[in-house]
Amino acid sequence: DQQVKQNSPSLSVQEGRISILNCDYTNSMFDYFLWYKKYPAEGPTFLISISSIKDKNEDGRFTVFLNKSAKHLSLHIVPSQPGDSAVYFCAASYGNNRLAFGKGNQVVVIP
Amino acid sequence: DTGVSQNPRHKITKRGQNVTFRCDPISEHNRLYWYRQTLGQGPEFLTYFQNEAQLEKSRLLSDRFSAERPKGSFSTLEIQRTEQGDSAMYLCASTQAAAYEQYFGPGTRLTVT
């Protein structure tokens, strides 16, 4: 069963605008959430993370929001740049062990 | 340190053959993970090691799959009697035991014909 779900498989956004990616999870035991970015023919690259005891974490252009009651998190990229075009994966962990990944969202930033 | 490395990057094999992949983690990382990714899916957990001990295996890891990390450094993943359903990207990741963030290698793409 898919414990981490990413809907809307693709997103197109104009350069300079905001990209918002959403992720829902079902397992209430998850205590840490991560976002990875993946270019073709490369492995996933860690982007940003958030502990379940927080509701927001910011790193430069990237902000992750966590709503525990709704079991929902989102990634905001502001402003979007052409180099941000990639597949973004939401991942979750409990007990700092294995990661459970969503299916990914393709983001295309249009110059 | 140049990060996690994996070899080979690509492997084409015929059904029924055995294949072995290697992963070299970031040197100070004592945890090493193997994942498999198929088209349109996110990575799926296969197994992980802390130092040389294999601590968990997924039910995806059939008895045709075996992984080792003999000296707590590099790891190998072997698939015996490959099947077409084994075609996938095999990803290795490493981290420190106390950390959540895992750092991935470039993967080995396996094609079984």
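Residues numbered from 1 in each chain as written. Chains lettered and ligands numbered in written order. Predicted model: local features only at pLDDT ≥ 70, side-chain atom pairs only at ≥ 80, totals over all residues. Heavy atoms only, no water.

Student: Just to check I follow, could you spell out the overall build of chain A for this structure?
Tutor: Each helix and strand counted, chain A has 0 helices and 11 strands in total. In chain A, the succession of helices and strands from N to C terminus is β-β-β-β-β-β-β-β-β-β-β. Taken against the 2.2 N^0.38 rule, which gives 13 Å for 111 residues, the C-alpha radius of gyration of chain A at 13 Å falls within 12% of a compact globule. Overall size of chain A, expressed as C-alpha extent along the three principal axes, is 40 × 30 × 20 Å. Looking at the 111 residues of chain A, the share that counts as buried comes to 46%. Put simply, 52% of the contacts in chain A that link residues at least 6 apart link residues at least 24 apart. Summed over all atoms, the accessible surface of chain A reaches about 5300 Å², with 50% contributed by carbon and sulfur. Each charge class in chain A can be summarised by its mean position, and for the 11 positive and 9 negative side chains these summaries are 4 Å apart. (Helix = DSSP H or I, 4+ residues; strand = E, 2+ residues; numbered from the N terminus. Rg over C-alpha atoms; globule rule 2.2 N^0.38 Å. Buried < 20%, exposed > 50% of the residue type's maximum accessible area, 1.4 Å probe, protein only. Contact = heavy atoms within 4.5 Å. Areas by Shrake-Rupley, 256 points an atom, 1.4 Å probe, with all protein chains shown as cover. Lys, Arg positive; Asp, Glu negative; His and termini not counted. Charge placed at Lys NZ, Arg CZ, Asp CG, Glu CD.)

Student: I tried to follow the pairing of strand β9 (residues 88-95) of chain B on my own but got confused; where do I start?
Tutor: Both faces of the sheet carry side chains from a regular strand, because those side chains alternate between them. All names here are of chain B. For β9, the buried fraction is high: 8 of the 8 residues fall into the buried class. By the bridge criterion, 7 bridges tie strand β4 (residues 31-37) to β9 in an arrangement that is antiparallel. Of the residues in β9, the one forming a bridge with Q37 is M89. Strand direction decides the pairing type here: β9 and strand β11 (residues 108-112), joined by 3 bridges, are antiparallel. Within β11, the residue paired with A88 across the bridge is L110. (Pairing = 2+ DSSP bridges.)

Student: Would you explain the state of the cysteines in this entry?
Tutor: Every disulfide links exactly two cysteines, by a covalent bond between their sulfur atoms. Residues and elements named next belong to chain B. This model, assessed by the stated rule, comprises 2 disulfides over all chains. Two residues, C23 and C92, share a disulfide whose sulfurs are 1.8 Å apart. Given an S-S torsion of about -65°, the disulfide between C23 and C92 has left-handed geometry. Remark: C92 occurs in strand β9 and C23 occurs in strand β3 (residues 19-24); sequence separation between them is 69 residues. In terms of burial, C23 and C92 fall into one category: buried. (Disulfide = S-S within 2.5 Å.)

Student: Teacher, can you tell me more about the sheet that holds strand β8 (residues 72-77) of chain A here?
Tutor: The strands making up a sheet are joined through hydrogen bonds of the backbone, oriented either antiparallel or parallel. All names here are of chain A. Strand order in the open sheet formed by 5 strands is β1-β3-β8-β7-β6, and the pairing between neighbours is antiparallel. Each edge of the open sheet carries a strand with a single partner, namely β1 (4-5) and β6 (56-59). The pairing of β6 with strand β7 (residues 62-67) spans 4 bridges and is antiparallel. Each residue of the ladder has a partner; that of D59, found in β7, is F62.

Student: Is there a simple way to explain the packing of aromatic side chains in this structure?
Tutor: Here a ring pair, both rings aromatic, is described through the centre-centre distance and the interplanar angle of the planes. Inspection of the entire model under this criterion finds 17 aromatic pairs over all chains. Taking the centre distance of 5.9 Å and the plane angle of 70° together, the rings of A:Y36 and A:F46 count as edge-to-face. Within this pair, whereas A:Y36 is found in strand β4 (residues 32-38), its partner A:F46 is found in strand β5 (residues 45-51), the two being separated by 10 residues in sequence. Arranged with centres 6.0 Å apart and planes meeting at 75°, the rings of B:Y35 and B:F45 form a pair that is edge-to-face. Highlighted residues: B:Y35 in strand β4 and B:F45 in strand β5 (residues 44-50), separated in sequence by 10 residues. B:F45 sits in the buried class, given a relative accessible area of 6%. The rings of A:Y36, A:F46, A:F89, A:F101, B:Y33, B:Y35, B:F45, B:Y48, B:Y103 and B:F104 are connected pair by pair, giving a single aromatic cluster. When the ring centre of B:F74 is taken as reference, the NZ or CZ atom of B:R22 above it lies at 3.9 Å. (Phe/Tyr/Trp six-rings, centres within 6.5 Å; stacked < 30°, edge-to-face > 60°. Lys NZ or Arg CZ within 6 Å of the ring centre and 35° of its normal.)

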